[in-house]
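Breakdown of the fold
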Amino acid sequence: MRRRTLSVAAWLTVIAGLIVLGPSASLQQRNDANSVKGGVGDITGEYQIPDPNWPQWAHPYAKPGYIWGSQGGVFAESPDRVYLANRGELKLPDKVPPNFPGNWGFFNQMAATQPIANMVNCLVVVDRDGKLIEAWNQWDKLFEWGRGPHQVYISPYDPERYVWVVDDMRHVIYRFTHDGKQLVQTLGVLDEFGENDDLTHFRRPTMIDWLPDGTFFVADGYGNTRVVKFDKTGKALLKWGSRGTGPGQFNTPHGIAVGGSPPRVFVSDRGNRRIQVFDTNGKFLEEWPGIAPHSMLMSADEHVWAVDSLTDRIVKFDLSGHVEFSFGQFGTRPGYTWAPHQITADSDGNLYLSEVFGGRTQKYRPKPNADPTKLVWGRSLMPAGNARTN
Amino acid sequence: MTFKRVTLLIVALAVIVSTAWAQAKPDFSGTWKLSATTPPNYPGSAGWGVPSPTLVVKQTPMEVTIQAGQYGPNPMSVVYKLDGSDNIWEAPSMTQSGTSATVKWRTKARWDGNKLILFTWNTALNQMRDVMTISNGALTIQRGTEQPGPSTNALLTYTKGS
């Protein structure tokens, strides 16, 4: 009886408090969202809440009744040249709520590739405001029978700044001239996959990273569950890994980052919920359990930034596997993410995350007086004086 | 007269060669019953590539037609052209989200010795590669499927049925 009396009194106090403090409490919540603090539970870390209308190119989407869909990749060559890899446009429902923010994740339908994605505007380049610079529509046909570009990159060590695009579902990796006018190389065989020991075919490759001498490593991927090492010309040198849970085995190696001294290869073994570390010839060194990254980035300050598929957190590791900082949370409001799939940063300290389920790419600008050790710094690119154009 | 003879000779040779080539290739025609899968009870991938209990195969020198339930929840009759060209069509089909939509389909086939390799794609993000062989009266299919998640592999064994 006494317990019940206390309970009623407590509820009356709470209700009275809500009536009296409701508006200010609500305002306080909004203020908190705009001035998030560091540490666990942090939403945007040292970054401001992103502008939901970035990029201008997609807000509003040029084709009425449609919207851009799953965002496989983003790569910031500079603040004024940002590549977006889109996995097709989607038809909007006939009735769209007035509060629709402009990204597919709002509809809570998971993969933003459904029911059918039209493979148009798969590769576009925008400036700092998100205004369209280039649309590589001449290459849309490459993605028609797959699910669009998986990720996009420029090697930080390539003065010619070729643009690399991974297409997992069609089992190939493309290398384009910097202006996108010419396809200069295709690794793998279009629409044909190979087995784990076949160095001429991929099976669902996912990500690339490079050594300074041009050697590169491919996470391959959903099907072959291995890493393939290539020389700078694209000749396959060796592979390691097979399906399994042991050291050196993988279940969907999805992300890869290369760096350190001596250089190491950090592989996101997403299905096994760990990062595995190897030397550059595939010798297993160690594993970091408890994280299942979609993607990773080797930063200019030699840290591995990983975007976790389990928690939607952006995690900064030192090269020994110690977590130094993390932020981010699942959601579809600005600043939150739903399956961040590629991470990149420009020389101004802006961070970009493409979301495959959220159906958007967000640009995070640093807060004033942000702690630089908690910002993502992409590796500087070689000067572009010799950038190859057609 | 000589010209006519030469023409007739060329035509005859072409017929003989093409007939011989066709005869050299296995004929997969017939009704086939699923007898085993490796791994056991292979489920396909999220409703795609599910081994059909029965395959009805019709083969001509120009194409192979397979009627089966392996293309989704409902049986479909699918044509693979044997000249290496694409066959593209549209059909109402199940999508990844479980809804039905008009989906574009594409098939392609090629021979690799006595193996017939069949490729199937659709714009609902489904892909399948079947490598078909006949040995000792049994039809084996090495199947690989692709969907947004991990790839799957299976070996399917069929025996002649009615």
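Calculation notes
- Residues numbered from 1 in each chain as written.
- Chains lettered and ligands numbered in written order.
- Predicted model: local features only at pLDDT ≥ 70, side-chain atom pairs only at ≥ 80, totals over all residues.
- Helix = DSSP H or I, 4+ residues; strand = E, 2+ residues; numbered from the N terminus.
- Buried ≥ 20, exposed ≤ 12 C-beta atoms within 10 Å, placed from the backbone.
- Contact = placed C-beta atoms within 7 Å.
- Nonpolar A, V, L, I, M, F, W, Y, C, P; charged D, E, K, R; others polar.
- Core = buried A, V, L, I, M, F, W, Y, C linked by C-beta atoms within 7 Å.
- pLDDT = per-residue confidence, 0-100.
- Pairing = 2+ DSSP bridges.
- Axes fitted to C-alpha atoms, helices over the stretch in contact; angles between N-to-C directions.

A few words on the overall build of chain A. When helices and strands are counted, chain A shows 1 helix and 25 strands. Expressed as a percentage of the 390 residues in chain A, the buried residues total 47%. A sequence separation of at least 24 residues applies to 53% of the contacts in chain A between residues at least 6 apart.

This next bit is on the interface of chain B and chain A. Listed by partner, the interface residues are 18 residues for chain B and 17 residues for chain A. Elements with a minimum of two residues in the side of chain B that touches chain A: strand S6 (100-112), strand S7 (115-122) and strand S9 (138-146) of chain B. Broken down by element, the side of chain B that touches chain A gets its largest block of residues, 3 residues, from S6 of chain B. For the side of chain B that touches chain A, the residue count by class is 8 nonpolar, 8 polar and 2 charged.

This brings us to the nonpolar core. One finds Tyr83, Val165, Ile208, Val218, Ile256, Phe266 and Ala306 of chain A to be the most contacted residues of the largest nonpolar core, which totals 89 residues. Contacts of Ala306 of chain A, omitting those with residues within four sequence positions, involve Ser268, Ile275, Ile291, Pro293, Met296, Val315 and Phe317 of chain A. Core analysis: the next-biggest nonpolar cluster, separate from the first, contains 14 residues, Phe28, Leu55, Leu116 and Leu139 of chain B among them.

Let's shift gears to the confidence of the model for chain A. Low pLDDT means the predicted coordinates in that region are not meant to be read closely. Looking at chain A as a whole, its pLDDT mean stands at 89, while 88% of the residues score no less than 70. Note on residues 1-40 of chain A: pLDDT is under 50 here. Beyond four places in sequence and across chains, it has 9 contacts.

The next subject is the confidence of the model for chain B. Of the residues in chain B, 88% have a pLDDT of 70 or more, and the chain-wide mean is 89. Here the complex is predicted with pTM 0.88, and the ipTM for its interfaces comes to 0.85.

Bringing the sheet that holds strand S23 (residues 340-345) of chain A into the picture now. All names here are of chain A. Pairing within the open sheet is antiparallel, and its 3 strands lie in the order S23-S24-S25. In this open sheet, the two edge strands, each paired with only one partner strand, are S23 and strand S25 (360-364). The sheet shows a mean angle of 15 degrees between the axes of neighbouring strands, direction not considered. The sheet contact formed by strand S24 (residues 351-355) and S25 spans 5 bridges and is antiparallel. Among the inter-strand pairings, Leu351 is bridged to a residue of S25, identified as Tyr364.

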